[in-house]
Structure formats: C-alpha cells, structure tokens
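Listed below, chain by chain, are the residues.
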Amino acid sequence: MRTDLITRTGFNALQQELDYLWREKRPDVTAKVAWAASLGDRSENADYQYNKKLLRETDRRIRFLRKRLEVLKIVDYSPQQDGRVFFGAWVEIENEQGEQLNFRIVGPDEIYGRKDYISIDAPMARALLKKAVDDEVLVSTPTGKKLWFINSICYTTTENLL
C-alpha cells in the first residue's frame, strides 16, 4: 500500500525536480543525442547509446512525476494537530535502553535521500499516529515487539521557516 499524502515541502521538491528534468536536463540530453547521431554509425557510437539510454531514463522519470503529482494530496499543518502525532510531525522517541530517534513522518515519496524521514506507511509511524507526549508505543518489528516512549512532538522546524 502506498499512501498518496505529501507535505508541501515534499510536493515543491518533486515539482522542482520535474521542472529541472523537463526544462534543463532533457533538452541538454536531446542535443547530445542529436550531435552523436550526426557522427554516423550509431551501432558503435558510445556517446549515442549512452545518451539515448539517459534520455529514456529521464523521460521515464518525467512521466512518473507527472502522474504522481496529479494524485498526491498535500497535507498542511493545522493547529488542531498540536500535542498529538499526525502526518508531518517531527517526533523524538526513546526506548528502555535510552536509545533516541528523531524523525519526521512524511509520505513515501519524500523519504529517499533522508535518514531523518520515515514513511507514514512504516510500522513505526502507524503505531505513533494519534499518540501524545509521554505515551508508550508498542511497535511490531521483524525481531518482535519493541516499546518506545514519546519525548516530544513538533510541527515547526527551521526547514519550515525557510
């Protein structure tokens, strides 16, 4: 199951990626393909083959982003969320051994390249939803059930203020 929710920051990042691919990268790669094709024999032309492959990959990503951006639903912060864990929250949790984790609950399209984001579809995020500070949360993991305590919940960061 893949949730179609995204934060405004994540939506803007995907939109910027789409704009970059469509307006800058694709025209550049297309020009390289045309140049390499003009050199003659395409079967042994590494520039042509590489850039043609790069163009296919770029087009595939553009198609994916266009379709995905149409179905995504932006979830903005609401003051009613304060005090409880909902989508977009920064959460600090701690286990009985004193290990602490700090992460933001976001959509599955936003987690790549970020170690401090987890998907709303993750078991940890599902277990934390609607919980408050000082609540105990039992999370099912492949190695068994783990107990975590919620230390803090925050919806604003310096990232949001920029």
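In this report, the structure presented in the accompanying data block is examined. What you see is a predicted model, and the numbers here were worked out from it, not measured in a lab.

1. Comments concerning the packing of helix H1 (residues 8-37) against helix H2 (residues 46-71)
Step number 1: Contact geometry of H1 with H2 gives a least axis separation of 9 Å together with a crossing angle of 155°. The angle between H1 and H2 places the two elements in the roughly antiparallel class. Relative to H2, H1 is oriented so that their crossing is left-handed.
Step number 2: By residue class, the composition of the contact of H1 with H2 is 16 nonpolar, four polar and nine charged.

2. Section: the nonpolar core
Step number 1: Within the largest apolar cluster, 19 residues are counted, with the highest numbers of intra-cluster contacts made by Val-91 and Leu-128.
Step number 2: At the level of secondary structure, the elements contributing two or more residues to this core comprise strand S3 (90-95), strand S4 (100-106), helix H3 (123-128), strand S6 (136-141) and strand S7 (144-154).
Step number 3: Broken down by element, the residue count for this core peaks at four residues, all from H3.
Step number 4: Counting nine residues, the second largest nonpolar core, distinct from the first, contains Ile-6, Leu-18, Leu-65 and Leu-72.

3. Considerations on the sheet that holds S3
Step number 1: Strands sit in the order S5-S4-S3-S7-S6 across an open sheet of five strands; the sheet is mixed. A single partner strand is all that each edge strand has here, and the edge strands are strand S5 (117-119) and S6. Mean inter-strand twist for the sheet, computed between neighbouring axes without regard to direction, equals 45°.
Step number 2: As defined by bridge partners, S4 adjoins S5 across three bridges and the pair is classed as parallel. By the bridge assignment for S5, Val-106 is matched with Ser-119.

4. Considering the pairing of S7
Step number 1: As paired elements, S3 and S7 share six bridges and run antiparallel to each other. Across the sheet, residue Trp-90 finds its bridge partner in S7, namely Cys-154.
Step number 2: Bridge count for S6 against S7 is six bridges, and the pairing is antiparallel. Note that in S7 the partner of Val-137 across the bridge is Trp-148.
Step number 3: Count of turn residues in the S6/S7 antiparallel hairpin: two residues.

Rules and cut-offs
- Residues numbered from 1 in each chain as written.
- Predicted model: local features only at pLDDT ≥ 70, side-chain atom pairs only at ≥ 80, totals over all residues.
- Heavy atoms only, no water.
- Axes fitted to C-alpha atoms, helices over the stretch in contact; angles between N-to-C directions.
- Helix = DSSP H or I, 4+ residues; strand = E, 2+ residues; numbered from the N terminus.
- Parallel < 35°, antiparallel > 145°, perpendicular 65-115°, else oblique.
- Left-handed = near helix turned anticlockwise from the far one by under 90°.
- Nonpolar A, V, L, I, M, F, W, Y, C, P; charged D, E, K, R; others polar.
- Core = buried A, V, L, I, M, F, W, Y, C linked by side-chain atoms within 4.5 Å.
- Buried < 20%, exposed > 50% of the residue type's maximum accessible area, 1.4 Å probe, protein only.
- Pairing = 2+ DSSP bridges.

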